[in-house]
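Structural features, examined
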Amino acid sequence: MIHREKAAHREQDRERPRERPGIGESIDRILAPSIALDGVTKDFGPRVRALDDVSMTVFPGEVVTLLGLSGSGKSTLLRLLNGLHVPTGGTVSVLGQDVGTARGGELRALRRKVGFVFQQFHLVGSMSALENVCAGALGSLRGPRIGLLTYPRSVRLAAMEQLDRVGLADQAFQRADTLSGGQQQRVAVARALVQRPRILLADEPVASLDPESSAQVMALISRVASEDDLTVLCSLHQVELALSFGHRLIGLRAGKMVLDKPVSSIGKTETMSIYSSVAAASAPQPV
Ligand SMILES: Nc1ncnc2c1ncn2[C@@H]1O[C@H](COP(=O)(O)OP(=O)(O)OP(=O)(O)O)[C@@H](O)[C@H]1O
């Protein structure tokens, strides 16, 4: 009797749908892009088309540079990815979710998976480096926090770990506005990492730094991207820097995508011609 029941259970198990993902499903998940833009247009009022029919995909673990002169639409594209702008047309999808239609809690949950580093660091100068990094975890905490000790110990420890990673453990209790530009940007990277994002967006992270600090910050972004298996989309002005960083280069000109190539397949001569082609007309088009 017991044997018969066991056999019946085994039979039922065979018929039950599998709960674990099959190989096909796992591969689909790996191959699903982290970022996908499909026919995206962004207008600011009736006169400015900042992005014009842009379609692109970035896959998990890819490090991609966005290149283009001032006004070509780089910041607009990055801001669409965490819902700071809403597309006028087309769809923007991040980690499989339509950002253009995400609202409230859905958008906040998505933003926790997307770290953002800005050109001007956006640190609070009067706060210590450590408290600035702790602030990166605010998205997952309830209520405001003023003062380091109002953060849970686990957050303070995680923040310290990230500061150590960016080489600034010794400056943890120093006011942010007493740090050099390069150090401030490293604090900003640590702040983006403390929420353990899956995607890192960087909007001209070295535009206000000297060449040595620029190289250090770009090397840091490359290192953490590889260590944390991050998908990175980073806008830059400098071609030389773009070519020594990441896997793929996307060029924007006047809101249109004019280039999408692996960095390894772009030669020096081509680099300069690409730069002039990207530079040729970066003013946005009238709508
Ligand atoms: N909030 C806004 N309101 C109106 N126009 C905007 C807004 N944001 C961007 N624009 C316009 O959209 C165009 C693209 O700007 P965007 O900042 O995306 O370019 P960019 O390539 O990032 O430039 P930069 O390298 O100078 O940061 C520009 O003409 C800009 O003036």
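As shown above, the structure is provided for reference.
Anyway, here's the lowdown on the structure attached to this text. Quick caveat, the model's predicted, so the values are computed rather than measured. (Residues numbered from 1 in each chain as written. Predicted model: local features only at pLDDT ≥ 70, side-chain atom pairs only at ≥ 80, totals over all residues. Heavy atoms only, no water.)

A look at the overall build of the chain
Looking only at helices and strands, one finds ten helices and ten strands in the chain. Counting the 287 residues in the chain, one finds 44% classified as buried. Of the contacts formed within the chain by residues at least 6 apart in sequence, a portion of 70% connects residues at least 24 apart. Surface exposure of the chain reaches about 14,700 Å², of which carbon and sulfur atoms provide 53%. (Helix = DSSP H or I, 4+ residues; strand = E, 2+ residues; numbered from the N terminus. Buried < 20%, exposed > 50% of the residue type's maximum accessible area, 1.4 Å probe, protein only. Contact = heavy atoms within 4.5 Å. Areas by Shrake-Rupley, 256 points an atom, 1.4 Å probe, with all protein chains shown as cover.)

A word on the site of the ligand
Near the ligand, the surroundings consist of 14 residues, among which Ser-70, Gly-71, Ser-75, Thr-76 and Glu-204 are the closest. In the model, an oxygen atom of the ligand is placed 2.9 Å from a nitrogen or oxygen of the Lys-74 side chain. Here an oxygen atom of the ligand sits 2.7 Å away from a polar atom, N or O, in the side chain of Ser-75. Isolated, the ligand exposes 630 Å² of accessible area, and the fraction of that covered by the protein chains is 63%. Contributing elements (two or more residues each) for the shell around the ligand: β2 (48–58) and α3 (74–81). If you tally residues by element for the shell around the ligand, the top one is α3, at three residues. Of the residues contributing to the shell around the ligand, the split by class is five nonpolar, seven polar and two charged. (Near = heavy atom within 4 Å. Polar contact = N/O pair within 3.5 Å; in protein donor to acceptor, adjacent residues only side chain to side chain. Nonpolar A, V, L, I, M, F, W, Y, C, P; charged D, E, K, R; others polar.)

Considerations on the nonpolar core
Residues Leu-163, Val-187, Ile-221 and Val-232 are the most contacted members of the largest nonpolar core, which totals 50 residues. Excluding residues that lie within four positions of it along the chain, Leu-163 makes contacts with Ala-129, Leu-130, Val-133, Leu-168, Ala-169, Ala-172, Val-187 and Ala-190. By size, the runner-up hydrophobic cluster in this structure holds 27 residues, among which are Val-58, Leu-66, Leu-110 and Ile-250. (Core = buried A, V, L, I, M, F, W, Y, C linked by side-chain atoms within 4.5 Å.)

Regarding the pattern of salt bridges
Tallying each qualifying case throughout the model produces eleven salt bridges. In this structure, Arg-196 and Glu-161 form a salt bridge, with 3.5 Å as the shortest nitrogen-oxygen distance. Of this pair, Arg-196 sits in the loop between α7 (181–193) and β7 (199–203) while Glu-161 sits in helix α6 (residues 153–165), placing them 35 residues apart in sequence. Overall, the relative accessible area of 52% leaves Arg-196 in the exposed class. (Salt bridge = Lys/Arg side-chain N within 4 Å of Asp/Glu carboxyl O.)

Topic: unusual backbone geometry
Although it is not a glycine, His-122 sits at a positive phi angle of roughly 55 degrees. Take His-122: it is sitting in the loop between β6 (114–117) and α5 (129–135). Here His-122 falls in the partly exposed class, since its relative accessible area comes to 47%.

Focus on the sheet that holds β2
Read from one edge of the open sheet, four strands run β2-β1-β4-β5, paired in antiparallel fashion. Two strands bound the open sheet, and with one partner strand each, they are β2 and β5 (97–98). In this sheet, strand β4 (residues 89–94) lies alongside strand β1 (residues 35–44) in antiparallel orientation, the contact comprising five bridges. Looking across to β4, one finds that Leu-37 is bridged to Val-92. Its contacts with the sheet put α3 on β1, β2 and β4, and the angle it makes with β1 is roughly 120 degrees. (Pairing = 2+ DSSP bridges. Axes fitted to C-alpha atoms, helices over the stretch in contact; angles between N-to-C directions.)

Here we look at the packing of α6 against α7
Direction vectors running N to C along α6 and α7 enclose 135 degrees, while the axes themselves pass 9 Å from each other. Our classification of the angle between α6 and α7 gives oblique. Two packed elements cross with a definite hand, and for α6 against α7 that hand is right-handed. Counted together, Gln-162, Leu-163 and Arg-165 of α6 and Val-187, Ala-190 and Leu-193 of α7 form the full contact between these two elements. (Parallel < 35°, antiparallel > 145°, perpendicular 65-115°, else oblique. Left-handed = near helix turned anticlockwise from the far one by under 90°.)

Examining α3
Within α3, six of the eight residues are buried, which leaves the element mostly enclosed by the surrounding structure. Residues Lys-74, Thr-76, Leu-77, Leu-78, Leu-80 and Leu-81 constitute the buried set of α3. Directly beyond the C-terminal end of α3, a positive phi value near 75 degrees is found at Gly-83.

Section: the pairing of β7
On a regular strand, one side chain projects to one face of the sheet and the next to the other, so that they alternate. In terms of burial, β7 is largely enclosed, as five of its five residues are buried. Here β7 shows no split at all, with Ile-199, Leu-201 and Asp-203 on one side and Leu-200 and Ala-202 on the other all buried. Relative to β7, β6 is paired through four bridges, and the arrangement is parallel. Pairing of Phe-116 across the sheet is with Leu-201, part of β7. Pairing analysis gives five bridges linking β7 to strand β8 (residues 231–236), with the strands arranged parallel.

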